Amino acid sequence: KADWVVDEMGFELNIPGNYNKLNAAAAIAVCKFLGVDMDSLIAGIQTYEGCKRRLEKVADKKGVLYYDDYAHTPNEIKSVLQAVKESFPGKRIVCCFQPHTYSRTKKFLKELARSFNDADLVGVVDVYSSSRETDTMGVNSKTLASEIKKSHPNPRHVNYIGNLENLTRSLKSVLKSGDVCLTLGAGDIYKIHRLLV
């Protein structure tokens, strides 16, 4: 129904993803309820370009598009990757993921492992731990990468990378013109963009 509300009312969104259409539909409903002028509503939605760390376009350098998203739960990851795949058909999606906390990684291990099928290449970096966690709970990013390989259409294209320095080096060697490089995670993975672009 979100597609219908947004599309039939003639709205053009500057941000991809069905979840953004759902958000726009909710915003339309609230604004209409509050009596917001329709022209102002349309102008506001059509000029909205998103927010920081939510499918944020970081750069376009040497033919590579760089995006960043805070997504760190299975549904968020699937939604973002689906939006990127739909928005950039035919482009290779290079996804770099930083799991957030050992407890969350352990709790959602199987669901996380099935979340990356829309990415062509997947690199998993070390868990971004919380200061409140002192126990790894027997799980780490190597474990997650192994689980992703079991579900991914091309398991050879899923790798444990290690730290952000290793990720930066790997990306410099693997990225090529036409790629979409997407960083995902609630930690500090976004910092690699400064080194790459």
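Heads up: the structure comes first, above all this text.
Here goes a summary of the coordinates provided. From a predicted model like this one, the values you see are computed outputs, not experimental measurements.

**Concerning the overall build of the protein chain**
Link 1 in the chain: When you go through the protein chain residue by residue, the secondary structure sums to 9 helices and 6 strands.
Link 2 in the chain: Taken against the 2.2 N^0.38 rule, which gives 16 Å for 197 residues, the C-alpha radius of gyration of the protein chain at 18 Å falls within 12% of a compact globule.
Link 3 in the chain: With the principal axes as the frame, the protein chain shows a C-alpha extent of 55 × 40 × 30 Å.
Link 4 in the chain: Of all 197 residues assigned to the protein chain, the portion counted as buried reaches 42%.
Link 5 in the chain: Taking as baseline every contact in the protein chain between residues at least 6 positions apart, the subset at least 24 positions apart corresponds to 72%.
Link 6 in the chain: By element, 50% of the accessible surface of the protein chain is carried by carbon and sulfur atoms, the whole surface being about 10600 Å².
Link 7 in the chain: The distance from the centre of the 28 positive side-chain charges to the centre of the 23 negative ones in the protein chain is 8 Å.

**A few points about the environment of asparagine 163**
Link 1 in the chain: Relative to the assigned elements, asparagine 163 resides in the loop between strand 5 (158–162) and helix 8 (164–174).
Link 2 in the chain: The sequence separation of asparagine 163 and alanine 24 amounts to 139 residues, and the corresponding C-alpha distance is 37 Å.
Link 3 in the chain: Not counting residues up to four positions away in its chain, the partners in contact with asparagine 163 are Val125 and Asp126.
Link 4 in the chain: Only 3.2 Å separates the side chain of asparagine 163 from the backbone nitrogen of glutamate 165, close enough to count as a polar contact.

**Here's the deal with the sheet that holds strand 2 (residues 64–69)**
Link 1 in the chain: Spatially, 6 strands are ordered 1-2-6-3-4-5 in an open sheet, and the strand pairing comes out mixed. Pairing within the sheet leaves two strands with one partner each, and these edge strands are strand 1 (56–61) and strand 5. Across the sheet, the mean angle separating the axes of adjacent strands is 20 degrees when strand polarity is ignored.
Link 2 in the chain: Relative to strand 2, strand 1 runs antiparallel, the two being bridged by 5 bridges. When the bridges of strand 2 are listed, alanine 59 appears paired with tyrosine 66.

**As for the packing of aromatic side chains**
What characterises a pair of aromatic rings is the spacing of the ring centres plus the angle enclosed by the ring planes.
Link 1 in the chain: Here the structure, examined in full by the defined rule, presents 2 aromatic pairs.
Link 2 in the chain: Relative to phenylalanine 88, the ring of tyrosine 67 lies with its centre 5.7 Å away and its plane at 50 degrees, an arrangement referred to as tilted. You can see tyrosine 67 sitting in strand 2 and its partner phenylalanine 88 sitting in the loop between helix 4 (74–87) and strand 3 (93–97), a full 21 residues away along the chain. One exposure class covers both tyrosine 67 and phenylalanine 88, and it is buried.

**Here we look at the pattern of salt bridges**
Link 1 in the chain: Counting across every chain of the model gives 9 salt bridges.
Link 2 in the chain: Two residues, glutamate 56 and lysine 52, come together in a salt bridge whose shortest N-O distance is 3.4 Å.
Link 3 in the chain: For lysine 52, a relative accessible area of 65% translates into the label exposed.
Link 4 in the chain: Residue arginine 53 pairs with aspartate 68 through a salt bridge whose shortest N-O separation is 2.5 Å. On the criterion of sequence distance, the pair formed by arginine 53 in the loop between helix 3 (38–47) and strand 1 and aspartate 68 in strand 2 is long-range, its members being 15 residues apart.

Procedures and definitions
- Residues numbered from 1 in each chain as written.
- Predicted model: local features only at pLDDT ≥ 70, side-chain atom pairs only at ≥ 80, totals over all residues.
- Heavy atoms only, no water.
- Helix = DSSP H or I, 4+ residues; strand = E, 2+ residues; numbered from the N terminus.
- Rg over C-alpha atoms; globule rule 2.2 N^0.38 Å.
- Buried < 20%, exposed > 50% of the residue type's maximum accessible area, 1.4 Å probe, protein only.
- Contact = heavy atoms within 4.5 Å.
- Areas by Shrake-Rupley, 256 points an atom, 1.4 Å probe, with all protein chains shown as cover.
- Lys, Arg positive; Asp, Glu negative; His and termini not counted.
- Charge placed at Lys NZ, Arg CZ, Asp CG, Glu CD.
- Polar contact = N/O pair within 3.5 Å; in protein donor to acceptor, adjacent residues only side chain to side chain.
- Pairing = 2+ DSSP bridges.
- Axes fitted to C-alpha atoms, helices over the stretch in contact; angles between N-to-C directions.
- Phe/Tyr/Trp six-rings, centres within 6.5 Å; stacked < 30°, edge-to-face > 60°.
- Salt bridge = Lys/Arg side-chain N within 4 Å of Asp/Glu carboxyl O.

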